[in-house]
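Read off the chains here:
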Amino acid sequence: SLKTDEGLAHCAMAGNEYGVISATFDGRKLQNLDSYKTQSGFFCISVPKNNVFNNVPRTWKATVAGTYVFLEPLSPGRHDLHTTVSVTNPIQPSYNYAADLTYHLLVNP
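Procedures and definitions
Residues numbered from 1 in each chain as written. Predicted model: local features only at pLDDT ≥ 70, side-chain atom pairs only at ≥ 80, totals over all residues. Heavy atoms only, no water. Patch = residues over 30% accessible without salt bridge, like charges linked within 9 Å, V, L, I, M, F, W, Y side chains within 5 Å. Areas by Shrake-Rupley, 256 points an atom, 1.4 Å probe, with all protein chains shown as cover. Salt bridge = Lys/Arg side-chain N within 4 Å of Asp/Glu carboxyl O. Helix = DSSP H or I, 4+ residues; strand = E, 2+ residues; numbered from the N terminus. Pairing = 2+ DSSP bridges. Contact = heavy atoms within 4.5 Å. Polar contact = N/O pair within 3.5 Å; in protein donor to acceptor, adjacent residues only side chain to side chain.

**Q** Let's hear about a nonpolar patch on the surface: which residues, and what values?
**A** A grouping of Tyr 36, Val 69, Leu 71, Leu 101, Tyr 103 and Leu 105 is seen on the molecular surface, where their side chains present a nonpolar patch of about 480 Å² in accessible area. By the secondary structure assignment, Tyr 103 is in strand 8 (residues 97–107).

**Q** Go over the sheet that holds strand 7 (residues 77–87) with me, naming the residues and quoting the values.
**A** One open sheet accounts for four strands, arranged 2-1-7-8; its pairing is antiparallel. One side of each edge strand has no neighbouring strand; the edge strands of this open sheet are strand 2 (28–29) and strand 8. Note: strand 1 (residues 19–25) against strand 2, two bridges, orientation antiparallel. Paired with Thr 24 across the two strands is Lys 29, which belongs to strand 2.

**Q** Lay out the environment of Ser 22 in plain terms, naming residues and giving numbers.
**A** Mapped onto the secondary structure, Ser 22 falls in strand 1. Considered as a pair, Ser 22 and Ser 40 are 18 residues apart in the sequence and their alpha carbons are 21 Å apart. In this structure Ser 22 touches Leu 33, His 82, Thr 83 and Thr 84, once residues within four positions along its chain are discounted. A distance of 2.6 Å separates the side chain of Ser 22 from the side chain of Thr 84, its partner in a polar contact.

Right under this line is the structure:
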């Protein structure tokens, strides 16, 4: 199924419908994250030899799907972006995962 554009696009989105995401920026909750779900167009990615996934080295056609937000220009100083995500897929349990990430950003003037 990954031999067609349709199969590749489906794979990129697989499991997302069972995902729950939340985020805070500098302690303030980001609202309406579901409205920021999107899928990219197709692009090429080059996989080098001896890569951590042990994939065949070559250039591959790819696409990604997920939740992406844009932050207003940030004031100089330290900022924290905290995200949590969990996917519990009852149909394909192999897609299940959870992540709790904090990004510490330092903005220089």
